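Coordinates in review
Given next are the chains, with one letter for each unit.
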Amino acid sequence: LSCVEIEYVEEGEMSMKTAIFNLVTDLCAHGMLPLAYGIASNSGTGILTAIFIVLAFGLTSCYTIVSLGRASQITGQYSFKGLWGSLLSRNTAWIIELSFAVMTFGCCIFYSAFIGDLFASIFSAISFVPESIRKRWIILTSLTLFPLLPLCLLKNLSALQLTSFGGLLSVLYTAFFVVKRSLDGTYSPGGKYFDGIEEKFRNTQGNPWARVGLWGVGSGTVTLMNMAAVAFMAHYNGIKYYEELENRSVERYAKAMGTGMACSFLVFIVLMLFGFRTFGGATQTLILNNYHQSEDRMAMVARLTTGLAIICGYPIMFTALKSSSLNTLSEIGNKFKQVKIFSNELEQSENLRTFWYIFLLSIITAMACDKGEEEVAVVVGLIGALLGSGANFIIPALLNLRLFELTGKSRKFFSERSFNKSL
């Protein structure tokens, strides 16, 4: 490692509190809603089995994201291209950055499509909203222009403290709502809203918790495992979190990531168990779709707060897209002269970078206006499952194994080498 060129970065300005808020908002925005469907899928998964699966993926994801910070500290590299190039292969670093760019681009399309569908549904249920502005594309374009565009143009994650705190409050309200509706019986047979929702949304099979038992395993368990893996996906910003952390050290970084992951785990468990308790096998992929669209006012507020949580989490995802797209162009530029010229101009001109970010957001918005959330979910889910597994587990494991080989160090309380080989 002594011959590796060290990247110079300024001291971080993101406090521990902001790092935790950012991570919880980042994870819960995409991870909290589908897990109830995961436990309900097909014949269902036992309660304790489901908790163990989510916990296992949470602990593994926490380890791998912290290991990225450790690798950055040891190598002095603060990008995936830098880490991969210094530890494994400079020639293939562009593939890693391109993978992150494709993954985050697809996730941003899904976020935009979901925002469009969600707020179009909310506005359609409000009688005094003029018909002319209820159109989905108008709503999505307006929300992209404000507040998404200004938030996406912020230079670092530390500037997102207020929006992340707002996202956290939105997440907490959604969790409170799901628990309340599960316990008050309004969606049980004979309940206030039971007859008002479509039959496919109703639970007619009694107590779902009793039906699946504690340790049940079925074909749907694989679905839950996939959703749990994606739920803890924040590694696209793993190095960025470490780079911007105030007084950064591996210990402080591990504390911030561990706290954020633990808080997210609690939110995931609450929504998974109580959402499933309410609707059983009728649970939809996005749990809020089960609730009454117009009569349940608390459900309308929950949809609104969930939409706000996604808006607050959007610029965090877009931050990863910005850095990965620029790094991809830089790496490809080493192979093609014309791309190199454009990449150099981007690096030197802040105005050109701003134009590039606006261009990316415009393409994402145009694609999301044309396709709804359900239409892009399958493709994005496939991209997330394949590239997300690489980002969460495979890439960190490969970097760790090479790092152990070069430094000759591995922790003693469990075999990190063996664990990373299994990943």
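All figures in this text were calculated on a predicted structure; none of them were measured in a lab.

Scanning the protein for helices and strands turns up 16 helices and zero strands. The C-alpha radius of gyration of the protein comes to 22 Å, within 12% of the 22 Å expected for a compact globule of 423 residues. Across its three principal directions, the C-alpha atoms of the protein cover 70 × 55 × 35 Å. Taking all 423 residues of the protein together, 54% fall into the buried category. Partitioning the contacts of the protein with sequence separation of at least 6, the portion at a separation of at least 24 is 82%.

What follows covers the side chain of S182. Relative to the assigned elements, S182 resides in helix α7 (residues 161-184). In this structure the side chain of S182 is engaged in a polar contact, spanning 3.4 Å, whose partner is the side chain of T278. Leave out the neighbours within four places in its chain, and S182 touches F274, R277 and T278.

Attention now moves to the nonpolar core. Counting 120 residues, the largest nonpolar core has I115, F268, M272, Y291, Y314 and F318 as the members making the most contacts within it. Sort the elements by how many residues they give to this core and helix α5 (residues 93-124) lands first, with 15 residues. Look past the residues within four positions of Y314 in its chain and what remains in contact with it is C108, Y111, S112, I115, L148, C152, L361 and I364.

A separate point is the environment of R181. Within the secondary structure, R181 is located in helix α7. Here the alpha-carbon distance between R181 and N289, two residues 108 residues apart in the chain, equals 14 Å. Filtering out sequence-adjacent residues up to four positions away, R181 remains in contact with T186, Y187, Y193, T278, Y291, D296 and M298. At 2.7 Å, the side chain of R181 forms a polar contact with the side chain of D184. A distance of 2.8 Å separates the side chain of R181 from the side chain of D296, its partner in a polar contact.

Here helix α1 (residues 16-31) spans 22 Å end to end across 16 residues, near enough to the 22 Å set by a 1.5 Å rise per residue. Counted residue by residue, α1 has 15 buried out of 16 residues, so it is predominantly covered.

Our focus in this paragraph is the packing of aromatic side chains. Evaluated as defined, the whole model comprises 19 aromatic pairs. On the numbers, 5.4 Å between centres and 40° between planes, the contact of F21 with F165 is tilted. With a gap of 144 residues between them, F21 in helix α1 and F165 in helix α7 connect regions that are remote in the sequence. Classification of F165 by relative accessible area gives partly exposed; the value is 39%. Each ring, one from Y78 and one from Y242, has its centre 6.2 Å from the other, and the planes form 5°; the classification is stacked. Residue Y78 is located in the loop between α3 (47-75) and α4 (80-87), and its partner Y242 is located in helix α10 (residues 238-244); the two are separated by 164 residues in the primary sequence. Among the aromatic residues, those joined into a cluster by ring pairs are F177, Y187, Y193, F279 and Y291.

Relative to each other, helix α6 (residues 136-152) and helix α14 (residues 350-370) sit at 155°, their axes nearing to 10 Å. In terms of orientation, α6 and α14 fall into the roughly antiparallel class. Crossing geometry of α6 relative to α14 is assigned as right-handed. Together, R136, W137, L140, T141, T144 and L149 of α6 and I358, L361, T365, A368 and C369 of α14 make up the contact between the two elements.

This part takes up a nonpolar patch on the surface. Taken together, the side chains of F355, F359, I363 and M367 define a hydrophobic patch exposed on the protein surface, amounting to about 380 Å² of accessible area. Secondary-structure assignment places I363 in helix α14.

A separate point is the environment of L98. Within the secondary structure, L98 sits in helix α5. Residue classification places L98 among the partly exposed residues on the basis of a relative accessible area of 33%. C-alpha separation for the pair L98 and F355, spaced 257 residues apart in sequence, amounts to 20 Å.

Let us look at the state of the cysteines. Defined simply, a disulfide is a covalent bond joining two cysteines at their sulfur atoms. For the structure on display, the rule yields zero disulfides. There is no disulfide at C62, and the cysteine sulfur nearest it, in C263, is 11 Å away. With no disulfide of its own, C108 has C152 as its nearest cysteine by sulfur position, at a separation of 7.0 Å.

On to the pattern of salt bridges, then. Applying the stated criterion across every chain, the model contains nine salt bridges. The residue R90 makes a salt bridge to E331 at a minimum N-O spacing of 3.3 Å. Here E331 lies in helix α12 (residues 297-333) and R90 lies in the loop between α4 and α5, a separation of 241 residues in the sequence. Across the pair E244 and K240 runs a salt bridge whose closest N-O atoms are separated by 3.5 Å. Of this pair, E244 and K240 both sit in helix α10, four residues apart, which is roughly one turn of that helix. Judged by its relative accessible area of 8%, E244 falls in the buried class. By relative accessible area, which is 22% here, K240 ends up partly exposed. Salt bridges linked by common partners bring R181, D184 and D296 together as one network.

Its 30 residues place the ends of helix α11 (residues 250-279) 42 Å apart at the C-alpha level, agreeing with the 44 Å of an ideal helix rising 1.5 Å per residue. Downstream of α11 by a residue or two, G280 has a phi angle that is positive, lying close to 55°.

Criteria and thresholds
- Residues numbered from 1 in each chain as written.
- Predicted model: local features only at pLDDT ≥ 70, side-chain atom pairs only at ≥ 80, totals over all residues.
- Heavy atoms only, no water.
- Helix = DSSP H or I, 4+ residues; strand = E, 2+ residues; numbered from the N terminus.
- Rg over C-alpha atoms; globule rule 2.2 N^0.38 Å.
- Buried < 20%, exposed > 50% of the residue type's maximum accessible area, 1.4 Å probe, protein only.
- Contact = heavy atoms within 4.5 Å.
- Polar contact = N/O pair within 3.5 Å; in protein donor to acceptor, adjacent residues only side chain to side chain.
- Core = buried A, V, L, I, M, F, W, Y, C linked by side-chain atoms within 4.5 Å.
- Expected span 1.5 Å × (residues − 1).
- Phe/Tyr/Trp six-rings, centres within 6.5 Å; stacked < 30°, edge-to-face > 60°.
- Axes fitted to C-alpha atoms, helices over the stretch in contact; angles between N-to-C directions.
- Parallel < 35°, antiparallel > 145°, perpendicular 65-115°, else oblique.
- Left-handed = near helix turned anticlockwise from the far one by under 90°.
- Patch = residues over 30% accessible without salt bridge, like charges linked within 9 Å, V, L, I, M, F, W, Y side chains within 5 Å.
- Areas by Shrake-Rupley, 256 points an atom, 1.4 Å probe, with all protein chains shown as cover.
- Salt bridge = Lys/Arg side-chain N within 4 Å of Asp/Glu carboxyl O.
- Disulfide = S-S within 2.5 Å.

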